[in-house]
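Architecture and fold: a report
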Amino acid sequence: MPKHFCCVECSKRCRSDPSARRPVPPYLRGKAEKKLYRPLTEEDVLCSACRRRLARSDPLVLTRNNNQHVLSNSQETDPDFCPALQRDASQVLKSPKSVELKISSTPRNHKNCVVCRKPSGHRNHLTVVPASAVTQAFVHVGIFINSDSRCCKFHLVNEYFTPESVILLNSSKASENLSRTEICYLLDNVRTLMKTVSHLNFDVPTALLDSDYKNLTGLTRDQFHELSSYIHKLRNNLNRSTRTCLAVFLTKLRTGLPNSVLSSLFGLSEAQVQRIIPSVKEELMDTFVPKHLGFQHISHQEFCERHTTPVARTLFTKAEDEAVLLLDGTYIFIQKSSDYYFQRRSYSLHKNRPLVKPMMVVGSDGYVLSVLGPYMADYSNNDASIIKHMMNKNSEDMKDWLKENDVMVVDRGFRDAVEFLQESGLRVEMPSYLQKGAKQHTTEEANLSRLVTKVRWVVESANGRLKQWRLLDKVVPNTLVPQIGDFVRIICAICNKFRPPLANMDPQLEEEATKMLEKVCLSNKVQEFVEENNLVKRRVPYKKIDSINDVLSDFPHLSMDDLRSITMGVYQIKQCICYSKEHLSDEGTYDLMFCTEFPSLLQVKIQSRHSKNSVHTLWIKYILEDMSCPISGWYCTCKVGARVVGCCAHVASVLWYIGYQRHQDDPLAKGKKLAQCLDDAGENATVDNTEE
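Remember, predicted model here, so these are calculated numbers, not experimental data.

1. Regarding the confidence of the model for the chain
When the pLDDT values of the chain are averaged, the result is 82; 84% of them are 70 or greater. Mean pLDDT per element in the chain: helix H3 (residues 73–77) is the minimum at 42, and helix H21 (residues 484–498) is the maximum at 96. Every residue in residues 59–93 scores below 50 in pLDDT, and together they form 34 contacts with partners more than four places removed in sequence or on other chains. Predicted confidence is poor over residues 670–675, with pLDDT under 50, and the contacts of this stretch with residues over four places away or in other chains come to five contacts.

2. Quick word on the nonpolar core
Judged by nonpolar contacts, the single largest core of 75 residues is most densely connected at Leu227, Phe249, Val280, Leu284, Phe288 and Ile494. Tallying contributions element by element places H21 first for this core, with 10 residues. Ranked by size, the runner-up nonpolar core spans 32 residues in total, among them Tyr590, Val604, Trp634 and Cys636.

3. Looking at the environment of cysteine 576
With respect to the helices and strands, cysteine 576 occurs in helix H26 (residues 576–583). You can call cysteine 576 buried: its relative accessible area is 1%. As for cysteine 576 and tryptophan 656, which are separated by 80 residues in sequence, their C-alpha atoms are 6.6 Å apart. The residues touching cysteine 576, leaving out its near neighbours within four places in the chain, are Ala652, Ser653 and Trp656.

4. Some thoughts on the pairing of strand S23 (residues 615–622)
Burial analysis of S23 places six of its eight residues in the buried class, which makes it a mostly covered element. Direction of pairing for strand S22 (residues 601–607) relative to S23: antiparallel, over a ladder of seven bridges. What sits directly across from lysine 605, in S23, is threonine 617. In this structure, S23 lies alongside strand S24 (residues 631–636), joined through five bridges in antiparallel fashion. Each bridged residue has a counterpart across the sheet, and for tryptophan 619 the counterpart in S24 is tyrosine 635.

5. Here's the deal with the side chain of threonine 244
Locating threonine 244 in the fold gives a position in helix H9 (residues 242–255). Non-local contacts of threonine 244, meaning those with residues more than four positions away in its chain, are made with Asp203, Phe266 and Leu268.

6. A few points about the pattern of salt bridges
Considering all chains together, one arrives at 13 salt bridges under this definition. One salt bridge in this structure joins aspartate 378 and arginine 345, with 2.7 Å as the shortest N-O distance. Pair noted here: aspartate 378 is in the loop between strand S17 (368–375) and helix H16 (383–393) and arginine 345 is in helix H15 (residues 340–346), with a separation of 33 residues, a long-range link. Since its relative accessible area comes to 11%, aspartate 378 is described here as buried. Taken together, the shared-partner salt bridges connect Asp328, Asp411, Arg456 and Glu460 into one network.

7. Here we look at the packing of helix H10 (residues 259–266) against helix H11 (residues 270–287)
Orientation of H10 relative to H11, taken along the N-to-C sense of each, is 105 degrees, at an axis distance of 8 Å. Classified by the angle between their axes, H10 and H11 sit roughly perpendicular to one another. Counted together, Asn259, Ser260, Leu262 and Ser263 of H10 and Glu270, Val273, Gln274 and Ile277 of H11 form the full contact between these two elements. Looking at side-chain class alone, the contact of H10 with H11 contains three nonpolar, four polar and one charged residues.

8. Description of H26
Restricting attention to buried positions, one finds in H26 the residues Cys576, Tyr579, Ser580 and His583. Each buried residue of H26 lies within a common arc of 100 degrees when the element is viewed along its axis, so the set occupies one face.

9. Looking at unusual backbone geometry
Here the amide bond leading from glycine 373 into proline 374 is cis, since omega sits at 10 degrees, within 30 degrees of zero. Here proline 374 shows up in strand S17. Phi at aspartate 397 is positive, roughly 55 degrees, even though this residue is not glycine. With respect to the helices and strands, aspartate 397 occurs in the loop between H16 and helix H17 (398–401).

10. Description of helix H24 (residues 560–567)
Among the residues of H24, Leu563, Ile566 and Thr567 are the ones counted as buried. Down the axis of H24, the buried side of the element spans an arc of 85 degrees, and every buried residue falls inside it. Here the buried face of H24 lies against helix H19 (443–466), helix H25 (571–574), S24 and helix H27 (649–659). Remark: methionine 568 follows H24 within two positions and exhibits a positive phi of approximately 55 degrees.

What counts, and at which threshold
- Position numbers for residues start from 1 in each chain and track the written sequence from start to end.
- Under the rules for a predicted model, residues below a pLDDT of 70 receive no local features and side-chain atom pairs below 80 are neither given nor counted, while totals for whole chains, interfaces and linings still include all residues.
- Neither water nor hydrogens contribute to the side-chain values; these are computed over all heavy atoms in the structure.
- The quantity called pLDDT is the predictor's confidence in a given residue, expressed from 0 to 100.
- Runs of H or I in DSSP of at least four residues are treated as helices and runs of E of at least two as strands, each being numbered from the N terminus.
- Whether two residues touch is decided by their heavy atoms; if any such pair falls within 4.5 Å, the residues are in contact.
- To qualify as a nonpolar core, a set must consist of buried Ala, Val, Leu, Ile, Met, Phe, Trp, Tyr and Cys residues joined through side-chain atoms within 4.5 Å.
- Each residue is assigned to one of three classes by its accessible area relative to the maximum for its type, calculated with a 1.4 Å probe on protein chains only: buried under 20%, partly exposed between the two thresholds, exposed over 50%.
- Two strands qualify as a pair provided DSSP detects at least 2 bridges between them.
- For salt bridges, the criterion is a side-chain nitrogen of Lys or Arg within 4 Å of an Asp or Glu carboxyl oxygen.
- Only C-alpha atoms enter the line fits that serve as axes; for helices the fit covers just the stretch in contact. Angles between N-to-C directions range over 0 to 180 degrees.
- Should an angle fall under 35 degrees it is called roughly parallel, over 145 degrees roughly antiparallel, and 65 to 115 degrees roughly perpendicular, with every other angle called oblique.
- The residue classification treats Ala, Val, Leu, Ile, Met, Phe, Trp, Tyr, Cys and Pro as nonpolar and Asp, Glu, Lys and Arg as charged. All others, Gly included, are polar.
- Think of the arc as the fan of directions from the helix axis to the C-beta atoms.

Below is the structure:
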């Protein structure tokens, strides 16, 4: 027999004392069934309070104690007798105090967490489950939580359960007695929640998937919640919350959608969207950006330790406290302005369109140290003049942050500022530019340039990561031009906080950098051999072969690690398949020239990907006896083909196909067939258009 009983009307737990609980008497059974809208069983009991209340509610039913009306024994024991049924039929029946519904529910307990069942204590303070969380649990998992239930504080985010907490919810009862107030309150909350279903709802953590957060805002659900904690001045109101404001702002940056479309997606007016964007921008610029962007947000020593890759440290620094900074200007295209002065200053002769240029200062791992500008795009604001202006103005107190012998890795657009930077105590690393009248870099120039490009690609990738926020990738309206600088800074701060490094920080890469330094001073033996024998112009007995010829059966097999060691990078390997597809003949053969006068020397002509009239000739020499280093050298007639610190993409494509790909399942034939199908489809489309 159970130790406690629940009252059939008020669901109050009755003590095991018989005086506190009584079975429903026959003369009250009919009235109780009408109030509960269900038949009673023998196990149903009434507490003394409900029994007295039920008896007093009907003037025809009186207790024995007042001696006003005493029922006979036969009437009291007759189960069909109920004085309440003798009332006037015109009397209106009131709804019962509670109704039993078949809804899964959690136990009514305020001493334990309704989610994880942890007891309340001085180390674990429980809080009452908010009404919004009760509605969330009922809608998403079909579990009703009593209003008196409590849970741990870390299960709630903005008065809603976290997605993990919703999964942990378990029901202990298959039905629940709900009062009229609880039913009405639950229906009102469900109605309010369902009204927001047609719009994007960022207030309820489980309303959107993590992929939806990523596609719309560029952040995951957890990252979005962390970023929302930086917004303090904006207040929640009936029309929108702070999370909705942040979502509107990030969606604007991420997708570049117009305000009219954003108003439809979020259920706001267009005027509200116009007010939200500058408000959130100012809030993030005050609270978030200063902690994750700018010369003063991180110390010089911490930057050197955390944001200098092993490759950059090995190639360019002599001490651990020397910073390696990558500088480059990026383009933000804007509309043509009706202000003639601004129109002239913002027009770029290089791109032939109006734009502004923010200057990016990036670490060798892709961490954006600072963004300066944006600057105008006319002839007086090239990269060299911008860096001079930055240093002379001492923007963000950068002179105090920089130290002597810090390294600045720049491109050829900064060549007019190299002397200025060196006079300021900085070391400058820049790719060599082709001398006037020359067609190819020398081996030394090409080798030194390869050291720079080995590190400098990171700033280009950082600019590409910035353009993933489509507002800056499109033509920015003139109304947003004054805010471009803040938009760029906010995006860079978000990337610094939530995105992984662009470059690999593996210490093992120091070995590759050391090998590159060892080869810088080496000469190109194959180039010297080609020039001594005048193989570029002289007629030499070559024999045309293809890749499946028996002559190349002894060509060494190369693995991807071997190719990676030869190219000293992945960019050239990524270009291999495209060059090889174009070099394949219609029959699927790879044509090469085999030098009969000089064994183990291959000559290949590769079509340039930039110009139809440019064809590059390359030579590859291999040694069969030395299996540890079978490729002894290479030379190409392209601009950087003389280098020995890695090789150009033309040489890499030949080595990739002959030494690796032809021994695998060939996907290039499929690519060739696909290209042929596309050509045929294009010809048919042209004929159809002509006939029309």
